[in-house]
Amino acid sequence: MRNSQRKLFIMIIPAFVLLILFVYFPIVKGGVVAFQNYNLFDLTNVHFIGLDNFKAVITDRNFNFWRICLNTALWIFVSLFFQFVLGFGLALLMRKPFKGRGIYSALVFYPWAVSGFAIGLVWAWMFNGQFGMVNDLLLRLGIINNNIGFLSDPKFAMMSVIIANVWYGVPFFAIMLLAALQSVPKELYEAAEIDGATKLRQLFDVTIPYIKPTIISTTLLRTMWIMNFPEIIYGMTGGGPANSTNILATLMINKIYKFYDYGQGAAIGFIIMSILFVYAFFYLRLTSSKEVVL
């Protein structure tokens, strides 16, 4: 081994050790705990129990597992759809310079700088059934006659937390897609205009194909983040009412911090990781992973 290679190897060792300690070790440890009886109230009785934790999670009478899976899918895909559409629209608006662009950009990107739990608390106040701003606005506009319990009524609770999540996630797509849009060569648009392409045709024939790798990578990353993003739900509803906003991530937190059952919590984490792995595999296969740049 050359001296330069030896120095490079020595420089990499600290990062490699930290990666093992803070990434791979917790993953392996969590995988082991998922198959153990590991309750904080009974640490003297830790032992392997096979798939019992998974069976307990799926058959738990207090939490309808399949309803929670449906909630998770709704939480992810509805949030992702509106985050992408609105973020893409904002990126298109900010692509060209205009008066007040800096202030406009700051307002658009502001939610991304705030913690998810804090956003949940703010939106919980806005959706409050008695003195919330949303109810007050709807009453003043004459859209409703009586206050709506957005966070206490199962019919409105999931919609409410998704609205908050969309508001939080739009800046991510706006930032990433704006950077991709600014890299599209002007010559492509000039050639399209010479061929008589309208702005709409340029969008679908030039813009979207050129930034396709960014679209694929950002939607993949955002899907994973949304599935593992329970902060807004915890800040607004805590998973209620009647489990109507409970997703797999909030269920995992409840199992660990309310029931102190690390075994079942790790089992849910194992399920989440498995779902994301399968999703990422097929998503990249369907969208031609060779074009993706992460």
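Everything below is about the structure printed above this text.
Residues numbered from 1 in each chain as written. Predicted model: local features only at pLDDT ≥ 70, side-chain atom pairs only at ≥ 80, totals over all residues. Heavy atoms only, no water.

1. Describing the nonpolar core
Then, number 1: Among the nonpolar cores identified, the biggest contains 63 residues, and W75, I211, I232 and M236 are the most heavily contacted of them.
Then, number 2: Counting residues per element, this core draws most heavily on helix 7 (residues 154-181), at 14 residues.
Then, number 3: Those residues in contact with I232 that sit more than four places away from it in its chain are W75, G116, I119, G120, V161, A164, N165 and Y168. (Core = buried A, V, L, I, M, F, W, Y, C linked by side-chain atoms within 4.5 Å. Buried < 20%, exposed > 50% of the residue type's maximum accessible area, 1.4 Å probe, protein only. Helix = DSSP H or I, 4+ residues; strand = E, 2+ residues; numbered from the N terminus. Contact = heavy atoms within 4.5 Å.)

2. Observations regarding the pattern of salt bridges
Side chains carrying opposite charge are able to pair once their charged atoms draw close together.
Then, number 1: For the structure on display, the rule yields 4 salt bridges.
Then, number 2: For D136, the salt bridge identified is with R140, shortest N-O distance 2.9 Å. Placement of the pair is D136 and R140 together in helix 6 (residues 133-141), with a separation of 4 residues, close to one helical turn.
Then, number 3: Taking relative accessible area as the criterion, D136 reaches 36% and is therefore assigned partly exposed.
Then, number 4: With its nearest N and O atoms 3.7 Å apart, the salt bridge here joins K199 to E193.
Then, number 5: By relative accessible area, K199 is classed as exposed at 58%. (Salt bridge = Lys/Arg side-chain N within 4 Å of Asp/Glu carboxyl O.)

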